[in-house]
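Chain by chain, the residues run as shown.
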Amino acid sequence: MQTYLLSQQFNTRPLAENSTACSVNATICNGTSCVLPEDNFNETLSIILSTVLTIMLALVMFSMGCNVELKKFLSHIKRPWGIFVGFLCQFGIMPLTGFLLSLVFNVLPIQAVVVLIMGCCPGGSSSNIIAYWVDGDMDLSVSMTTCSTLFAMGMMPLCLFLYTKMWTDSNAIVLPYDSIGISLVALVIPVSFGMYVNHRWPSKAKLILKIGSIVGAILIVLIAVVGGILYRGSWVISPKLWIIGTIFPAAGYSLGFVLARIAGLPWHRCRTVSLETGMQNTQLCSTIVQLSFTPEQLELMFTFPLIYSIFQVLFALLILTGYHFYRRHRVKTKTDVEKTEEKEDSKSVSSHAKINGGFVSNETK
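Predicted model only: the values in this text are computed from it and were never measured. (Residues numbered from 1 in each chain as written. Predicted model: local features only at pLDDT ≥ 70, side-chain atom pairs only at ≥ 80, totals over all residues. Heavy atoms only, no water.)

Scanning the protein from terminus to terminus reveals 13 helices and 3 strands. Taking contacts inside the protein between residues at least 6 apart in sequence as the whole, the part at least 24 apart equals 82%. (Helix = DSSP H or I, 4+ residues; strand = E, 2+ residues; numbered from the N terminus. Contact = heavy atoms within 4.5 Å.)

The subject of this paragraph is the packing of aromatic side chains. Scanning the entire structure with this criterion turns up 9 aromatic pairs. Taking the centre distance of 5.5 Å and the plane angle of 55 degrees together, the rings of F87 and F91 count as tilted. Of this pair, F87 and F91 both sit in helix α3 (residues 81-105), 4 residues apart, which is roughly one turn of that helix. Residue classification places F87 among the partly exposed residues on the basis of a relative accessible area of 24%. For F91, a relative accessible area of 6% puts it in the buried group. An aromatic cluster is built from F87, F91 and F151, whose rings are joined through pairwise contacts. Its end group placed over the ring of W201, R200 keeps NZ or CZ at 5.2 Å from the ring centre. Here the basic side chain of R261 rests over the ring of W267, its NZ or CZ set 3.8 Å away from the ring centre. (Phe/Tyr/Trp six-rings, centres within 6.5 Å; stacked < 30°, edge-to-face > 60°. Buried < 20%, exposed > 50% of the residue type's maximum accessible area, 1.4 Å probe, protein only. Lys NZ or Arg CZ within 6 Å of the ring centre and 35° of its normal.)

The subject of this paragraph is helix α9 (residues 239-262). For α9, built from 24 residues, the straight-helix expectation of 34 Å at 1.5 Å per residue is met to within 8% by its first-to-last C-alpha distance of 35 Å. Residues of α9 that are buried include every one of L241, I244, G245, F248, P249, A251, G252, Y253, G256 and A260, and no others. Residue G264 follows α9 closely and has a positive phi angle near 85 degrees. (Expected span 1.5 Å × (residues − 1).)

Further remarks concern the UniProt feature "transmembrane region" (unreviewed entry) in the protein. The feature "transmembrane region" (unreviewed entry), as annotated in UniProt, sits at residues 45-63, 83-105, 112-134, 140-163, 175-196, 208-230, 242-263 and 306-326 in this numbering. Helix makes up 74% of residues 112-134 and strand makes up 0%, while its end C-alpha atoms are separated by 33 Å. Taken end to end, residues 306-326 is 100% helix and 0% strand, and its first and last C-alpha atoms sit 30 Å apart. (UniProt positions renumbered as here; feature names shortened; annotations may be inferred.)

Along the chain, the position of D139 falls in helix α6 (residues 138-164). K72 provides the closest opposite charge to the buried, salt-bridge-free D139, at an N-O distance of 5.0 Å. D139 has contacts with N67, V68, E69, K72, F73 and H76, leaving out every residue within four places of it along the chain. (Lys, Arg positive; Asp, Glu negative; His and termini not counted. Salt bridge = Lys/Arg side-chain N within 4 Å of Asp/Glu carboxyl O.)

This prediction gives the protein a mean pLDDT of 75; 71% of its residues lie at or above 70. Low pLDDT, under 50, characterises residues 335-341; the predicted model gives this stretch 0 contacts beyond four residues in sequence or across chains. (pLDDT = per-residue confidence, 0-100.)

Residue placement: S143 occurs in helix α6. Those residues in contact with S143 that lie beyond four places of it in its chain are F73, H76, I77 and I83.

At a closest axis distance of 9 Å, the pairing of α6 and helix α10 (residues 267-278) adopts a crossing angle of 30 degrees. By the angle class used here, α6 and α10 are roughly parallel. Here the hand of the crossing between α6 and α10 comes out right-handed. Residue-level contacts link L140, S141, M144 and T145 of α6 to R269, T272, V273 and E276 of α10. For the contact of α6 with α10, a count of residues per class yields 3 nonpolar, 3 polar and 2 charged. (Axes fitted to C-alpha atoms, helices over the stretch in contact; angles between N-to-C directions. Parallel < 35°, antiparallel > 145°, perpendicular 65-115°, else oblique. Left-handed = near helix turned anticlockwise from the far one by under 90°. Nonpolar A, V, L, I, M, F, W, Y, C, P; charged D, E, K, R; others polar.)

Further remarks concern the pattern of salt bridges. With the rule as written, the count across this model stands at 3 salt bridges. In this structure, the salt-bridge partner of K72 is E69, at a minimum N-O distance of 4.0 Å. A relative accessible area of 42% places K72 in the partly exposed class. Taking the relative accessible area as the measure of exposure, E69 reaches 39% and is therefore partly exposed.

In structure tokens, the structure reads:
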């Protein structure tokens, strides 16, 4: 389906020359607000960048797979408590949060639907990259992303049916099962190769992982910047969607962490579940929106997936920064305590030596 961009066209020529302020090739015109078809340059740029980003993402997921051990990965599948908690967060907390935010802010029905679509999407691959940087459980992270993408085949239609029926007919929403399948394949194949490399050549896998983690961090920022450039004409939308786009990912991160902790998961897995909950597959959401709505409707909410994407990255970076600050402070404090204990031990040994005529046993050295 052709992508449309909302832009403001202001014509400074006299009205005698042009009775309308919109461009002659405008598809929809309402005063000075026009919807223009995407130009060839933007379309070509979009295809090229999408191809490059897809290849880069596959390479990054390959590197992330180099940190996944097959035995630990299978243990999460055989004892899926962590995956089950993530499932509750992904398809329980997120759709319900989107539903409540839509009610609280009283957005338009079509805007409520796009918020709910975002909440029903599976986790995105970016969560695996951030999970690595916050010392999360990579085996759990990859298994959660894989399972949530697989479960999305059935859970997305069910959640959309339950939550959107007060605003629209759920049959009007087109779910691109092919895109979901492609996302699953693009995740499983590179990670599988990475797991094989980790099994056969552990030393090489560590080097690949370091390079891939840095490239992955750059890729997350690059995707957000590219999206902002390609769809810069679509930023004029309701302020309510901006507010929801800010609150939604923050709520996902927070509630995911709390539920994981209540479920008794250790801290590193709580961080993993938190990231898997808040980070959604925004590209899939954009695809569903473009397939399901008319250009007039897209004008009201097309940019919301991009807004969510930007804020989910910003909050993830805040989590990353806060974690490393905490870890550095904790290690520093722990080191200071150990040094103090060593000084006290040396003082006790010295006093013991004085009492015993300067003799120090081998056990205390």
